[in-house]
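What follows is each chain in one-letter form.
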Amino acid sequence: MEALGVLLTFPMNPYLEEELDRRCKLFRLWETPPESRRDFLRAHAGSIRAVVGNAQVGADAETIDSLPKLEIVSCFSVGLDKVDLDKCRQRGIRVTNTPDVLTEDVADLAIGLAIAVMRRIPEADRYVRSGSWKSKGDYKLTTRFSGKTVGIIGLGRIGKAVAKRAEAFGCPIVYYSRSEKPDTNYTYCSNVLDLAANCQVLVVACPLTPETRHIVNREVMDALGPKGVLVNIGRGPHVDEPELYKALIEGRLGGAGIDVFEQEPHVPEELFGLENVVLLPHVGSGTIETRTAMADLVLGNLEAHFTNKPLLTPVI
Ligand code: NAP
């Protein structure tokens, strides 16, 4: 694959970058300023046959259109919201992602966020570090996670892994997906409002699509209520952020644990001062083990494609 031109869109993983550099002719898109990228792509259009993107920068219609030799988009993510899938279908471009290998880490983090918010772990940590324990006495009482009803939007790989963990905490599980999952004992809600009204912790674990944009809106937050906690480990645009901020400030929502934001890496600064909020920099799959497995899947898919073998994790 030495002569194979691969466009890496973002500095996503040093091991992946090193391996691509060693095995292919690697083009690093981020090293070119945004205003010159069109010229950069035009200059290398003759040799780029693969794009490797991630949850930040994928392959939009303009990028795909500018690469006439493009054969495959291999995503270093399970979510495909940054890839123009229709365009890939039209052009016969193959698409792969990294499912399964990241499921356990993302589910771990969802439970971690719920507990961190309800038990105020970051705030209590700051209480110790600032010397307040000594000066002000014991930290205030918080809220139990065990036994609370957990609602899940999108009962797929990650949603089911969250449910399995929550069950071990004695939490009843309710969920909303486009269809009922008869292979589970969990309670199905036919819409998100009913789901929010019937749980205390609401976890977003569906893909970002036009239908799921702002799936957590003001009405859903109000249904979740002043004791409810929202956990978003899906994608930022699932949640209406200005409404989230208002609901938290006005006490209409109990708390939020957020790994993903509408305009990453921009995080609304209004959230910084709230103690009932835990904010993470999109690290759901961010362990050494998982990111290495994701990199191996990207490399394996590229190798399979360019040696005419079946793709490991095909989407298209
Ligand atoms: P998955 O196995 O495809 O599960 C997605 C689930 O969402 C499916 O069960 C699907 O069920 C449901 N769904 C699809 N459209 C829906 C809609 N309009 N309304 C409600 N539910 C809908 O995917 P996964 O591997 O669990 O990953 C889920 C998402 O997590 C990814 O797309 C990605 O955006 C996000 N993610 C985030 C991180 C992170 O770092 N925070 C890491 C990995 C993944 P039905 O078909 O029955 O509706």
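Keep in mind that what you see is a predicted model, and the values were worked out from it rather than measured.

Draft legend 1. Seen up close, the overall build of the protein chain. Along the protein chain, the regular secondary structure elements total 12 helices and 12 strands. Principal axes of the C-alpha set define a box for the protein chain whose edges measure 65 × 50 × 30 Å. Split into buried and exposed, the 316 residues of the protein chain put 51% on the buried side. Accessible surface for the protein chain amounts to roughly 15400 Å². Of this, 51% is attributable to carbon and sulfur atoms. Across the protein chain, the mean location of the 37 positive side-chain charges is 2 Å away from that of the 42 negative side-chain charges.

Draft legend 2. Representation of unusual backbone geometry within the structure. The linkage connecting Glu-264 with the following residue, Pro-265, adopts the cis geometry, with an omega of 5°. Positionally, Pro-265 belongs in the loop between strand S11 (255-258) and strand S12 (277-279). Positive phi, normally seen in glycine, also occurs at Arg-120, with a value near 55°. Along the chain, Arg-120 falls in the loop between helix H5 (103-118) and helix H6 (121-129). Of note, Asn-308 is a non-glycine position whose phi angle comes to about 60°, a positive value. Looking at where Asn-308 falls in the secondary structure, it is placed in the segment after helix H12 (288-306).

Draft legend 3. Broad picture of the packing of aromatic side chains. On inspection of all chains with the given rule, the structure shows four aromatic pairs. Between Phe-27 and Phe-40 the ring centres are 6.3 Å apart and the planes differ by 75°, which places this aromatic pair in the edge-to-face class. Of this pair, Phe-27 sits in strand S2 (residues 25-28) while Phe-40 sits in helix H2 (residues 37-44), and the two are 13 residues apart along the sequence. Assessed through its relative accessible area of 6%, Phe-27 is described here as buried. Judged by relative accessible area, Phe-40 falls into the buried class, the value being 16%. Seen in terms of ring centroids, Phe-145 and Phe-169 are 5.2 Å apart; in terms of plane orientation they differ by 70°. Their pairing is edge-to-face. Taken as a pair, Phe-145 in the loop between helix H7 (132-136) and strand S6 (150-153) and Phe-169 in the loop between helix H8 (157-168) and strand S7 (173-176) lie far apart in primary sequence, 24 residues in all. On the basis of relative accessible area, Phe-145 is assigned to the buried category, the value being 4%. For Phe-169, a relative accessible area of 31% corresponds to the partly exposed category.

Draft legend 4. Structural context of helix H11 (residues 241-249). Taken together, the buried positions of H11 are occupied by Glu-241, Glu-243, Leu-244, Ala-247 and Leu-248. Buried residues of H11 fall within an arc of 155° about the axis and therefore sit on the same side. Close packing links the buried residues of H11 with helix H10 (218-224), strand S10 (229-232), S11 and S12. Two residues or fewer after H11 comes Gly-251, characterised by a positive phi angle close to 75°.

Draft legend 5. How the structure looks around the UniProt feature "domain: D-isomer specific 2-hydroxyacid dehydrogenase catalytic" (unreviewed entry) in the protein chain. As recorded in UniProt, the sites labelled "domain: D-isomer specific 2-hydroxyacid dehydrogenase catalytic" (unreviewed entry) are residues 12-315. When the span residues 12-315 is considered, its composition is 37% helix and 14% strand, and the gap between its end C-alpha atoms is 21 Å.

Draft legend 6. Layout of the packing of H5 against H8. Direction vectors running N to C along H5 and H8 enclose 50°, while the axes themselves pass 8 Å from each other. Here H5 lies oblique to H8, going by the angle between them. Viewed along their axes, H5 and H8 form a crossing whose handedness is right-handed. Together, Thr-103, Glu-104, Val-106, Ala-107, Asp-108, Ala-110 and Ile-111 of H5 and Arg-157, Ile-158, Ala-161, Val-162, Arg-165 and Ala-166 of H8 make up the contact between the two elements. Looking at the contact of H5 with H8 residue by residue, the classes come out as eight nonpolar, one polar and four charged.

Draft legend 7. View of the site of the ligand. Taken together, 26 residues surround the ligand, and among them Arg-157, Ile-158, Arg-178, Lys-181 and Asp-259 come closest. The separation between a nitrogen atom of the ligand and a polar main-chain atom of Ile-233 is 3.0 Å. A distance of 3.5 Å is found between an oxygen atom of the ligand and a side-chain nitrogen or oxygen belonging to Arg-235. Considered on its own, the ligand offers 920 Å² of accessible surface; in the complex 89% of this is hidden by protein. When the residues that make up the shell around the ligand are grouped by side-chain class, the tally is 11 nonpolar, 10 polar and five charged.

Draft legend 8. Local environment of the sheet that holds strand S9 (residues 201-204). Ordered in space as S8-S7-S6-S9-S10-S11-S12, the seven strands form an open sheet in which the pairing is parallel. Each edge of the open sheet is held by one strand with a lone partner, namely strand S8 (187-188) and S12. The sheet contact formed by S6 and S7 spans four bridges and is parallel. Its bridge partner being in S7, Ile-152 is matched across the sheet by Tyr-175. Contacts from H8 reach S6, S7 and S9, with the element oriented near 175° to S6.

Scoring rules and cut-offs
Within any chain, residue numbers begin from 1 and follow the written order of that chain's sequence. Given that this is a predicted model, residues contribute local features only at a pLDDT of at least 70 and side-chain atom pairs are listed and counted only at 80 or more, while totals for whole chains, interfaces and linings are drawn from all residues. Only hydrogens and water are set aside; all other atoms, that is, all heavy atoms of the structure, feed into the side-chain values. By definition, any uninterrupted DSSP run of H or I lasting at least four residues is a helix, any uninterrupted run of E lasting at least two residues is a strand, and each is numbered from the N terminus. Summary of the burial criterion: residues with accessible area below 20% of their type's maximum are buried, those above 50% are exposed, and those between are partly exposed, where the area comes from a 1.4 Å probe applied to protein chains only. Here, Shrake-Rupley sampling with a 1.4 Å probe gives the accessible areas, and only protein chains in the shown set may cover a residue. Residues scored as positive are Lys and Arg, those scored as negative are Asp and Glu, and His as well as the terminal groups of each chain are ignored. Note on charges: their place is set at NZ of Lys, CZ of Arg, CG of Asp or CD of Glu. For Phe, Tyr and Trp, rings pair up if their centres lie within 6.5 Å, where Trp contributes its six-membered ring, and each pair is then called stacked (planes under 30 degrees apart), edge-to-face (over 60) or tilted (otherwise). In this description, the arc belongs to the directions extending from the helix axis to the C-beta atoms. Pairs of residues are marked as contacts when any of their non-hydrogen atoms sit within 4.5 Å. UniProt positions are given in the numbering used here, feature names are shortened, and annotations may be inferred rather than shown by experiment. To define axes, lines are fitted to C-alpha atoms, for helices over the stretch in contact only, and angles between the resulting N-to-C directions are given on a 0 to 180 degree scale. Here roughly perpendicular refers to angles of 65 to 115 degrees, roughly parallel to angles under 35, roughly antiparallel to angles over 145, and oblique to all remaining angles. The crossing is said to be left-handed when, going from far helix to near helix, the turn is anticlockwise and less than a right angle, and right-handed when the turn is clockwise. Only Asp, Glu, Lys and Arg are considered charged in this grouping, and only Ala, Val, Leu, Ile, Met, Phe, Trp, Tyr, Cys and Pro are considered nonpolar; every other residue, Gly among them, is considered polar. The criterion for a residue being near a molecule or strand is simple. One of its heavy atoms has to lie within 4 Å of it. Polar contact criterion, stated in full: a pair of N or O atoms within 3.5 Å, where within protein one must be able to donate a hydrogen and the other to accept it, and residues adjacent in sequence count only if both atoms are side-chain atoms. Should DSSP find at least two bridges between two strands, the strands are taken to pair.

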